[in-house]
Amino acid sequence: MFREFAWLDVISLLRAAQWTILLSLFAFVAGGLVGLAVALARVSRIAALRYAMIGYINLLQGTPFLIQLLVIYFGLTFVGIRLDAWSSAAIALTLYTSAFLGEIWRGCIEGVPTTQWEAAEVLGLSHFQKYLYVILPQALLVSLPATVGFLVQIVKATSLLSVIGFAEIMRIAQTINNVTFQPFIVYGICAVLYFLICLPLSRFSVYLERRLHGVA
Amino acid sequence: MDYTFQFDAVFANWPLLFDGVLLTIRLSIITMASGLLIGILGAYVLRFGPRWGIAIVRGYVEVFRNTPLLVQLFFVYFGLPSIGLPLSPNTAAVWALGINLGAYTIEIIRSGLLGVPAGLVDAGRSLGLTDLKIYLLILLRPALVISFPALSSQFIVLLLGTSVVSTISAEELTAVASSIQSRTFRSFEIYLAVLAIYLALSLTAKAILYAISRRFIYAHLKMIKG
C-alpha cells in the first residue's frame, strides 16, 4: 500500500540534488574542454575541419538530447561496449554541452576585432601565442554571460537522465511518487530544488551581461 | 564490432513512425501558436500592466525558465489530477509545452519591444489611443519583426523538446520509437532512425523559418533600423 510522504523523502531528494549538481559540473568541465576544441576547429584555417565541425554542431543542436542519450545508451551496448548509466550519461552530456558551448565560444572568438589579430601579428607572436595571450582572454570575457546562461540549460538537461535510470532528482522523485502517490508535493519539491539551483545562475548571467555592457 | 545492423524493424513500422511524426508536428504547431499568444499577452503586461500584474508575469517567467520541462510536464500530468484536474497525455503535453514556451516568448518579445523607438508610444498617445491599441496596432509588429530570429530558434528548441512528452506516453515520435523498440529489441537502429527524422524535421523547420524571414521580415527590419 501507499505510505505517507515523509521528511525522509525530502532528504532523499536533497541527496539526489547532489548528483544533479555533480553531473552538471561534470558536463560543464568535460563539455567545456571538448567545446573549446570545437570552437577552435570551427575557426580553423583548415576548411575540412571547419565543415566537419559544422556537421557536428548541426547534428547535436538539431536533434533532441533525449534521443542522443538513448542512441548512446542502447547503441554502444549493442556495438559491444558495455555501458552503464554513468558512462552513457557522461558521454551524452559531454557531446551535447560541447556543441552548444563550442558555438557560443566561436561567436565570441569571431567577435574579437581583426585589429587585435593584426596587433598580435606585428608583435611577432606565433599562432598559438596569439590565441593564448590576445584572442582567448578577450573572447572569454565576452562569453561569460552566455556561458553561465547555458549552465542553466545543462542543469535542466540532466533531468532527462532519469529516463536511463540515473539516480538524480527526477529519478528519485519518480520512485518516491510510486510509493507515496502524492505527485503534487513530490514534483512540487522537485521544481523548488531545480529553481534554487538555476535561479542564482540565471541572475548571475544577467548580472554579467549588464556589467559587460556597462549598465550596472 | 561484430554487430549486424537490421533496419527491418524500422521499415516494417514506418506507418507508426509516420503517425508519430505527424503528432510531433501537430504538437509543435499548436504549442508555437499558444506560446506566441502567451508571449504577446505577457509582454503587454510587462510594458503597460499594473505593478501586481508585472510581478505575476515576472514570477511566471522566472519559475518556468529555471525548472526543467520534464518537471513541469510531470507536475501537469500527475500533479493536477490529484487536485481534481485530470488531463489526457496529449492535452497535458500541449499545456506543459505551451506554458513552458510562453515563459521564453514573453522574455523574447519584451526585449524586442525595447528595440522599438519610444517615440512611437508618444505618437500613439497624442492620437488618443489606449495602451492596448498602441501595443497591438503600433508596437507589436516591429517588436515581432525584431525578435523573429530569437523566436525562430526558440521554436526549434520547442520542436526538439516535444520528445520529452514521450515520458507521459503522449503518442509522438519518441513514444512510438520506444514502443517499437520494446517489441523488436532493435533499440539502436530505431533510435538512430528517429535521430535522423528529428534532424530532418529541425532542418526543414529552420529552412521554413529562414524563408519566412527572407520573405517578410528582412524588408521590415531594414525599415525599422533605417
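For the structure itself, look to the data block above.
The rules we used
- Residues numbered from 1 in each chain as written.
- Chains lettered and ligands numbered in written order.
- Predicted model: local features only at pLDDT ≥ 70, side-chain atom pairs only at ≥ 80, totals over all residues.
- Heavy atoms only, no water.
- Helix = DSSP H or I, 4+ residues; strand = E, 2+ residues; numbered from the N terminus.
- Contact = heavy atoms within 4.5 Å.
- Areas by Shrake-Rupley, 256 points an atom, 1.4 Å probe, with all protein chains shown as cover.
- Lys, Arg positive; Asp, Glu negative; His and termini not counted.
- Charge placed at Lys NZ, Arg CZ, Asp CG, Glu CD.
- Buried < 20%, exposed > 50% of the residue type's maximum accessible area, 1.4 Å probe, protein only.
- Buried area = accessible area lost by both parts, 1.4 Å probe.
- Salt bridge = Lys/Arg side-chain N within 4 Å of Asp/Glu carboxyl O.
- Polar contact = N/O pair within 3.5 Å; in protein donor to acceptor, adjacent residues only side chain to side chain.
- Axes fitted to C-alpha atoms, helices over the stretch in contact; angles between N-to-C directions.
- Parallel < 35°, antiparallel > 145°, perpendicular 65-115°, else oblique.
- Left-handed = near helix turned anticlockwise from the far one by under 90°.
- Nonpolar A, V, L, I, M, F, W, Y, C, P; charged D, E, K, R; others polar.
- Disulfide = S-S within 2.5 Å.
- Phe/Tyr/Trp six-rings, centres within 6.5 Å; stacked < 30°, edge-to-face > 60°.
- Lys NZ or Arg CZ within 6 Å of the ring centre and 35° of its normal.

From N to C terminus, chain A includes eight helices and zero strands. Ordering the α and β elements of chain A from the N terminus gives α-α-α-α-α-α-α-α. Oriented by its inertia axes, the alpha-carbon framework of chain A measures out at about 75 × 50 × 25 Å. In chain A, once contacts between residues fewer than 6 apart in sequence are set aside, the share between residues at least 24 apart is 73%. Summed over its atoms, the accessible surface of chain A is roughly 10,700 Å², and 69% of this surface lies on carbon and sulfur atoms. Between the averaged position of the 13 positive side-chain charges in chain A and that of its 9 negative side-chain charges there is a distance of 0 Å.

The next subject is the overall build of chain B. Counting its regular elements, chain B contains nine helices and zero strands. What you see in chain B, going N to C, is helices and strands ordered as α-α-α-α-α-α-α-α-α. For chain B, the C-alpha atoms occupy an extent of roughly 75 × 45 × 30 Å along the three principal directions. Expressed as a percentage of the 226 residues in chain B, the buried residues total 48%. Put simply, of all contacts in chain B between residues at least 6 apart along the chain, 79% involve residues at least 24 apart. Counting 16 positive and 10 negative side-chain charges, chain B places the averaged centre of each group 16 Å from the other.

We now examine the interface of chain B and chain A. Between chain B and chain A, the residue contacts involve 36 residues of the former and 36 residues of the latter. Interface of chain B and chain A: buried area, both sides summed, is about 3,200 Å²; carbon and sulfur atoms make up 78% of it. When the buried area of chain B at its contact with chain A is split by residue, Asn66, Phe188 and Leu195 of chain B rank highest and sum to 18% of it. Remark: the boundary between chain B and chain A carries one salt bridge. Measuring nitrogen to oxygen at the nearest pair gives 3.1 Å for the salt bridge that ties Arg203 of chain A to Glu62 of chain B. At the junction of chain B and chain A, the tally comes to six residue pairs in polar contact (both at pLDDT 80 or more).

As a further point, take the pattern of salt bridges. Where side chains of opposite charge bring their charged atoms close, a pairing between them can arise. All names here are of chain A. Evaluation of the coordinates by the stated rule reveals 10 salt bridges over all chains. For Glu103, the salt bridge goes to Arg106, with nearest N and O atoms at 3.0 Å. Of the two residues, Glu103 and Arg106 are both situated in helix H4 (residues 85-111); the distance of three residues between them amounts to about one turn of the helix. Residue Glu103 is classed as partly exposed on the basis of its relative accessible area of 22%. Accessibility expressed as a relative area gives 16% for Arg106, which makes it buried. Put simply, Arg42, Glu103, Arg106 and Glu110 are held in one network by salt bridges that share partners.

Working note: a packed helix pair is described by the angle between its axes plus the distance between those axes. Axis separation between helix H8 (residues 183-212) of chain A and helix H4 (residues 69-82) of chain B bottoms out at 8 Å; the angle between their running directions is 155 degrees. Considering their axes alone, H8 of chain A and H4 of chain B lie roughly antiparallel with respect to each other. For the crossing formed where H8 of chain A meets H4 of chain B, the hand is left-handed. Of the residues in H4 of chain B, those touching H8 of chain A at Pro183, Phe184, Tyr187, Gly188, Cys190, Ala191 and Tyr194 of chain A are Val71, Phe74, Phe75, Phe78, Gly79, Leu80 and Ser82 of chain B. Residue composition of the contact of H8 of chain A with H4 of chain B, grouped by class: 11 nonpolar, three polar and no charged.

This part takes up the state of the cysteines. Taken as a whole and judged by the stated rule, the model has zero disulfides over all chains. Sulfur of Cys190 of chain A: no disulfide; nearest cysteine sulfur belongs to Cys198 of chain A and is 12 Å away.

Before going further, it helps to examine the packing of helix H1 (residues 7-42) of chain A against helix H2 (residues 47-61) of chain A. All names here are of chain A. Running from N to C, H1 and H2 cross one another at 130 degrees; their axes reach a closest spacing of 8 Å. In terms of orientation, H1 and H2 fall into the oblique class. Two packed elements cross with a definite hand, and for H1 against H2 that hand is left-handed. On H2, the residues that touch Val34, Val38, Ala41 and Arg42 of H1 are Leu49, Arg50, Met53, Ile54, Tyr56 and Ile57. The residue inventory of the contact of H1 with H2, partitioned by class, reads eight nonpolar, no polar and two charged.

Right, let's talk about the packing of aromatic side chains for a bit. Each aromatic ring pair is specified by the distance between its two centres and by the angle formed by the two planes. If you walk through the whole model with that rule in mind, you get 21 aromatic pairs over all chains. Geometrically, the ring pair formed by Phe74 of chain B and Phe78 of chain B is edge-to-face, given 5.2 Å between the ring centres and 90 degrees between the ring planes. Of this pair, Phe74 of chain B and Phe78 of chain B both sit in helix H4, four residues apart, roughly one helical turn. Between Tyr77 of chain B and Phe78 of chain B the ring centres are 4.9 Å apart and the planes differ by 70 degrees, which places this aromatic pair in the edge-to-face class. The exposure class assigned to Phe78 of chain B is partly exposed, which follows from its relative accessible area of 27%. Through a chain of ring-to-ring contacts, three or more aromatic side chains come together here, namely Trp19, Phe26, Trp86 and Phe166 of chain A. Taking NZ or CZ as reference, Arg215 of chain B lies 4.9 Å from the ring centre of Phe216 of chain B, over its face.

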